[in-house]
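Remarks on the overall topology
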Amino acid sequence: MPDRPLSPNEKYAALVAAAGYVPVALSPEEYIQLMPREWRVIGPGGVRINNRTYDPRDLVPFRRQPSGAGPDGRLWEVHYDPYDISCVWVRNHHGTGWITATWRHLRTSPVPMGELVFDRARQVLAERERRKPDEEAVAEAAVELLDRAADGHGERPVRRRKGSGRAAERRDRKVVGRTRATSQPAWPCPETPAASQALPAEPAQVSDAAEEGEELAKVEAKRRW
């Protein structure tokens, strides 16, 4: 095929067919780097990702500290797994490697879950209470949602408006089904530290955007000082 133009994928397929390949498992470092990335400030309560707080003891020395990396040198690189919200990984810009940050409410919610279940529980509570639910309540509601789906039709953990029962139950079953299908990844992933490594939960609840803005201002003021 020397005279035939090939795309990169076609060239790869031709070489694999001719020479074969050796499958190599991802290393923990490679696994983390393939996860979605956000740039976040490390505030006094830890790191906030998608309305959840991650605050291990290893992050304490870096609270309100600029990273010295990223777009403006203030934010820290954070990677997370959408199918497992038990922890996130913060790049140690002042050293090497990654800091595994466990979810503050990992004790409350020991059941494996992803973004889908957490967001669904948050939506249900917001519709019921007509206000933004706190993080601990969402964690408990997410576990109840998984338990109720596992037990079949039983007592509902939350009350919904009339006329939305069956549709809501169908959405719940879909969310739980997708969560179960993705709860065991087909590739090796870094181990999650024990929940005991997380610091005790704090009652304050601030939106991600508001908290991020306040902490950025404090980090910038500290850097200028």
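Read on for an overview of the structure.

What counts, and where the lines are drawn
Numbers given to residues run from 1 along each chain, matching the order in which its sequence is written. Note on the predicted model: pLDDT of at least 70 is required for a residue's local features to be given, and 80 or more for side-chain atom pairs to be given and counted; whole-chain, interface and lining totals, by contrast, use all residues. Excluding hydrogens and water, the side-chain figures rest on all heavy atoms present in the structure. Two rings belonging to Phe, Tyr or Trp (six-membered ring only in the last case) form a pair when the distance between their centres is within 6.5 Å. Interplanar angles under 30 degrees mark stacking, angles over 60 mark edge-to-face geometry, and anything in between is tilted. In this text, helices come from DSSP runs of H or I with a minimum length of four residues, and strands from runs of E with a minimum of two, each type numbered from the N-terminal end. Buried, partly exposed and exposed residues are distinguished by accessible area as a fraction of the type maximum, computed with a 1.4 Å probe on protein chains only: under 20%, between the cut-offs, and over 50%, respectively. Our definition puts a charge over a ring when NZ of Lys or CZ of Arg is within 6 Å of the ring centre and also within 35 degrees of the ring normal. Any Lys or Arg side-chain nitrogen located within 4 Å of an Asp or Glu carboxyl oxygen qualifies as a salt bridge.

Re the packing of aromatic side chains
Using the criterion set out here, one finds three aromatic pairs in the structure. Both rings, one in Tyr31 and one in Trp89, keep their centres 5.9 Å apart while their planes meet at 85 degrees; by these two values the pair is edge-to-face. Here Trp89 lies in strand S5 (residues 84-91) and Tyr31 lies in helix H2 (residues 28-33), a separation of 58 residues in the sequence. The pair formed by Tyr31 and Trp89 is uniform in burial state, with each residue classed as buried. Taking the centre distance of 5.2 Å and the plane angle of 50 degrees together, the rings of Phe62 and Trp76 count as tilted. Of this pair, Phe62 sits in the loop between strand S3 (52-54) and strand S4 (76-81) while Trp76 sits in strand S4, placing them 14 residues apart in sequence. The burial state of Phe62 is the same as that of Trp76; both residues are buried. Sitting over the ring of Phe118, Arg52 keeps its end group 4.9 Å from the ring centre.

Comments concerning the pattern of salt bridges
Under the definition given, this model contains seven salt bridges. With a shortest N-O distance of 2.9 Å, Glu135 and Arg48 are connected by a salt bridge. With Glu135 in helix H4 (residues 135-151) and Arg48 in strand S2 (residues 47-49), this residue pair connects regions lying 87 residues apart in the sequence. Taking the shortest distance from any N to any O, the salt bridge between Arg91 and Glu77 comes out at 2.7 Å. Taken as a pair, Arg91 in strand S5 and Glu77 in strand S4 lie far apart in primary sequence, 14 residues in all. We classify Arg91 as partly exposed; its relative accessible area is 23%.

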